[in-house]
Amino acid sequence: TVTLTNKQANDLLAVNGALPGNIVASAYNPATGVLSLASAGATAPLAQWQSALHQIVFSNSGANPSVTARDITVTVNDGAADSNVAHATVTLDQPPTLVAGNAAGYTQGGAPAMLDPGLSLSDPDSATLASASVRITAGFVSGDTLGFTGQNGIAGFYNAATGVLTLSGAASVGAYQAALESVTYSSTSGSPTDFGASPSRTFSWTANDGTLDSAAATSTLAITAVTPTNPLNAAFDTVRTGDFNGDGSPDLVFHRATDGATEMLVNQGLRVAGQVLSGPFDGPWNLAGAGDFNGDGKADLVYFNPGLNLPEIQFLNGTAPAGGGILSFNPFGSDFQIAGVGDVNGDGKADLVWHRAGDGVTEVQFLAGTTSVGGGVIANNAFQSPDWAVVAVGDFNNDGKADLVYHNTGLGLTEIQLLNGLTPIGGGVVAPAFSLPEWQVAGVGDFNGDGSNDLVFRDTITHVTEIQFLQGLNSVGGGLVDAPGFASAEWDVAGVGDFNRDGHTDLVFHDHVTGATEFLFLNGITPLGGGAVTLQ
């Protein structure tokens, strides 16, 4: 007979596993605290009885069981007399107790905020703890960061994808309290409030003594968004993108037409390092485009002086000029304009696309650095008309050679001309949904990550932005980019590029009134975040 002499609510005695031989157990009686074992005919040997008693287990199913130590007695009977009474004591493990509840505050771009420096932690039956965790349970935004001060053998790991900070390592209760008191919040996001959608965070705190978790405690944090100082004013009205330092991430170049000043902002997420470019292009030079003209894996700049009818290329190594000069041969009169930059002949070096608006003639100038190595008029060009303009350059059939995008504003038509050098090899109308004069092509990039270039369209009346996914000339989806904050006349799509390196092209918007510039990170047409570009 096994008896729980000081039974408490929800206590239970039970048998763990199948009993040996012919020994059977009665159901536990919670009223008396008794569990009985018996052997049919009293035939079970002592070894089986000993094994059976070893299988008796205690448990409590309550959410908050009494911590009183339990006294369990055991007596056995050989059919003639009872044994002495043996006693066993069960001590219940009590979970740690963690109390939190602070309401902290964090200012965007400011110092990390202490989350709950006044929290308390205790454990009534253990001097040491094994682990603890802090979770962002509400309001999480990519870029959220939890930190702590490592101490007393406690290690920490923060999972930036889930918003969970885990502390581990055997240490005293006091050491864990100090470690949890040191936990801070900060954000690397350009918009930690997700443009107002997540102005606060909720945190869940737990500690573990090696067996049991504490009840979760909760604290909160309010976030104050800061409107960043624009790194450049509205006078910098021309924006180009390119990987100028060869780190695999596109950078931004701004040009000020009033004095020809050019400034590069090297992409470091939403924070950028600014550098004014030195060179002979102050004054009446226009920034006409960006591309890798010398094949070194770093984008360069091409300028055009309309007064002198003179194009010049500036090779760059990051923000440092690395040579360049006037093109060795320039057969284009003042009625031609640089309409685009791309590797049209597939030699790994950028070429120039020239367009004459008066009659619609389009020519390509093949380049090896500043040396003209051929080119000419595009043969049998169906778009040789004043109604058509070259609006974009990109490789749409994945043959390693750039193709051209033409737009007829009067008809609202957009067509792609596939090229093999100077020879058209196909093409046709794309985006019939955008066949209205107000729709303008605003960029080319692989927004859905399928390895094929897509088109960005901007409505000049409603100022909304749409992307058409393409595979060659075939539309394979797309739609409206849900970014109402940029659907106003002062904002323009200023550039495209994979600014967060996730394999999907993103957008750069520029406010020509204030000079503000913002990234919009995208997965296809779905915004993932972004924010204002600020100087590091």
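Scroll up to find the structure this text is about.
Criteria and cut-off values
Residues numbered from 1 in each chain as written. Predicted model: local features only at pLDDT ≥ 70, side-chain atom pairs only at ≥ 80, totals over all residues. Heavy atoms only, no water. Pairing = 2+ DSSP bridges. Helix = DSSP H or I, 4+ residues; strand = E, 2+ residues; numbered from the N terminus. Polar contact = N/O pair within 3.5 Å; in protein donor to acceptor, adjacent residues only side chain to side chain. Buried < 20%, exposed > 50% of the residue type's maximum accessible area, 1.4 Å probe, protein only. Contact = heavy atoms within 4.5 Å. Salt bridge = Lys/Arg side-chain N within 4 Å of Asp/Glu carboxyl O.

J.: Just checking my understanding: could you explain the sheet that holds strand S17 (residues 184–187) for this structure?
T.: In a beta sheet, neighbouring strands pair by backbone hydrogen bonds and run either parallel or antiparallel. Strand order in the open sheet formed by three strands is S11-S17-S14, with antiparallel pairing between adjacent strands. In the strand order of this sheet, the two ends are held by strand S11 (113–114) and strand S14 (144–147), each with one partner. As paired elements, S11 and S17 share two bridges and run antiparallel to each other. Across the sheet, residue Ala113 finds its bridge partner in S17, namely Tyr185.

J.: Mind showing me how you'd approach the side chain of Gln365 here?
T.: With respect to the helices and strands, the residue Gln365 is situated in strand S30 (residues 361–368). At 3.1 Å, the side chain of Gln365 forms a polar contact with the side chain of Trp354.

J.: How should I be thinking about the environment of Val373 in this particular structure?
T.: Its location among the elements puts Val373 in strand S31 (residues 371–377). Taking the relative accessible area as the measure of exposure, Val373 reaches 44% and is therefore partly exposed. Residues Val373 and Gly394 lie 21 residues apart in sequence; the distance between their C-alpha atoms is 21 Å. If we skip the residues at most four places from it in the chain, Val373 touches Phe366, Leu367 and Ala368.

J.: I keep staring at the pattern of salt bridges and nothing clicks. Help me out?
T.: Two side chains that carry opposite charge are able to pair once their charged atoms sit near each other. With the rule as written, the count across this model stands at five salt bridges. The partner of Arg70 in a salt bridge is Asp11, and the shortest N-O contact between them spans 2.7 Å. A residue pair is termed long-range when its members are at least 10 positions apart, and Arg70 in strand S7 (residues 70–74) and Asp11 in strand S2 (residues 11–15) qualify at 59 residues. With relative accessibility at 0%, the residue Arg70 sits in the buried group. A salt bridge links Asp247 to Arg501, with the nearest nitrogen and oxygen atoms 3.3 Å apart. Of the two residues, Asp247 sits in the loop between strand S20 (236–242) and strand S21 (251–256) while Arg501 sits in the loop between strand S40 (491–497) and strand S41 (506–511), which places them 254 residues apart along the sequence. Via salt bridges that share partners, Asp335, Arg356 and Asp359 belong to a single interconnected network.

J.: What exactly am I supposed to notice about the pairing of strand S27 (residues 320–326) here?
T.: As a general feature of sheets, a regular strand has side chains that alternate between the two faces. With five bridges connecting them, strand S26 (residues 310–317) and S27 associate as antiparallel partners. When the sheet's bridge partners are listed, Leu316 is paired in S27 with Pro321.

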